[in-house]
Amino acid sequence: MSSRDLVLARVRRALADVPRAERPSDAPVNRDYLRTHGDRTTEQTVDLLAENLADYRAIVHRTDAAGLPTLIARLLAGRGATSVVVPPGLSAEWLSATDAAEVARIADTPELTPHDLDAVSSVVTGCAVAVAETGTVVLDAGPDQGRRRITLVPDHHICVIRVPEQVVDSVPQALERLAPERPLTWISGPSATSDIELDRVEGVHGPRTLEVVLVEG
């Protein structure tokens, strides 16, 4: 018996007592699990997000809306960036303090190949939602985030999160805000793997450096 046959046989046995006409919606699922773990104020939730992001080796910054353009310019300069990918819906204000003569803007277009993106220094995006309990940032390819590939190929990703409106406590709360038909990317820290002899290697499946900016106001 092949592995495929073995798996299918187990599925058939598990479904043996299920009427053929039954559909998933006919069997209610108990969802009385905890939606959050502990009671927190809004400020404590944002602090927990920052703590867990840092624990996953993301670099966390905090600023207000007025200070965001200057901060982004400083982060790009600190990386020695010469180019940055810009999603179509990214606010022009975010890069207003960055000298276009020193850091070229690369528009996110279908013509951009992975090879092109590999030559880009950085990418700046917004996000769909951020989960405090897991230190996770979720992208859904919205206008200020662009296509998935622009956040997976460049080595440096600056992700801007508006707090507190884009921050939730838990994964169940995040799922309620997300559309399942959209291309979702769940990010917990910079790309890393320990597949080979348990040695941690960063930058294999995405950016080697993730910088998260929490913007108040």
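That block above? That's the structure.
Nothing here was measured: the structure is a model prediction, and the numbers come from that model.

Turning next to the overall build of the protein. Helix and strand counts for the protein come out as 5 helices and 12 strands. Based on the C-alpha atoms only, the size of the protein along its principal axes is roughly 70 × 45 × 35 Å. When the 217 residues of the protein are sorted by exposure, 40% land in the buried category. Long-range pairs, those at least 24 residues apart, make up 70% of the contacts in the protein with a sequence separation of at least 6. Accessible area of the protein: about 12,500 Å², with a carbon and sulfur share of 53%. Once the 22 positive and 32 negative side-chain charges of the protein are each reduced to a mean point, those two points are 8 Å apart.

Here threonine 125 shows up in strand β4 (residues 122–125). With a relative accessible area of 0%, threonine 125 lands in the buried category.

Another point: the sheet that holds β4. One open sheet accounts for 6 strands, arranged β1-β12-β7-β4-β2-β3; its pairing is parallel. The open sheet has two edge strands with one neighbour each: β1 (59–64) and β3 (104–107). Geometrically, the sheet is characterised by an average inter-axis angle of 25° between neighbouring strands, direction not taken into account. For β4 and strand β7 (residues 156–163), the ladder comprises 3 bridges, and the chain directions are parallel. Each residue of the ladder has a partner; that of valine 123, found in β7, is histidine 157. Its contacts with the sheet put helix α2 (residues 42–55) on β1, β7 and β12 (209–216), and the angle it makes with β1 is roughly 150°.

This part covers unusual backbone geometry. In this structure, proline 164 follows valine 163 across a cis peptide bond, with omega equal to 5°. With respect to the helices, strands and loops of the structure, proline 164 is situated in the loop between β7 and β8 (167–168). Phi is positive for arginine 57, close to 75°, though the residue is something other than glycine. Position of arginine 57 relative to the elements: it lies in the loop between α2 and β1. Since its relative accessible area comes to 51%, arginine 57 is described here as exposed. Within the chain, alanine 141 stands out as a residue other than glycine whose phi angle is a positive 65°. Inspection of the secondary structure puts alanine 141 in the loop between β6 (136–139) and β7. Exposure remark for alanine 141: the relative accessible area of 24% places this residue in the partly exposed category.

So, about the pairing of strand β2 (residues 83–86). Within a regular strand, the side chains alternate between the two sheet faces. Side chains of β2 alternate between two faces, with Ser83 and Val85 and Val84 and Val86 buried alike. One ladder, built from 4 bridges, connects β2 with β3; its direction is parallel. Each bridged residue has a counterpart across the sheet, and for valine 86 the counterpart in β3 is alanine 107. In this structure, β2 lies alongside β4, joined through 2 bridges in parallel fashion. Among the inter-strand pairings, valine 84 is bridged to a residue of β4, identified as serine 122.

Basis of the calculations
Just so you know, the residues in each chain are numbered from 1, in the order the chain's sequence is written. Only residues with pLDDT of at least 70 are given local features in this predicted model, and only at 80 or more are side-chain atom pairs given and counted; all residues enter the totals for whole chains, interfaces and linings. Each side-chain value is derived from all of the structure's non-hydrogen atoms; neither hydrogens nor water enter the calculation. Put simply, DSSP marks the helices as runs of H or I at least four residues long and the strands as runs of E at least two long, and each gets a number from the N terminus on. Per-residue accessibility, obtained with a 1.4 Å probe over protein chains only, is compared with the maximum for each type, and a residue is labelled buried under 20%, exposed over 50%, and partly exposed between these values. Between two residues, a contact is recorded if the distance between any of their heavy atoms is within 4.5 Å. Using a 1.4 Å probe, accessible areas were evaluated by the Shrake-Rupley method; residue-level cover was limited to the displayed protein chains. In this tally, Lys and Arg are treated as positive and Asp and Glu as negative; His is ignored, and so are the chain termini. For the purpose of locating charges, the reference atoms are NZ of Lys, CZ of Arg, CG of Asp and CD of Glu. For two strands to be treated as a pair, DSSP must find at least two bridges joining them. To obtain each axis, a line is fitted to C-alpha atoms, and for helices this fit is confined to the stretch in contact; angles are then taken between N-to-C directions over 0 to 180 degrees.

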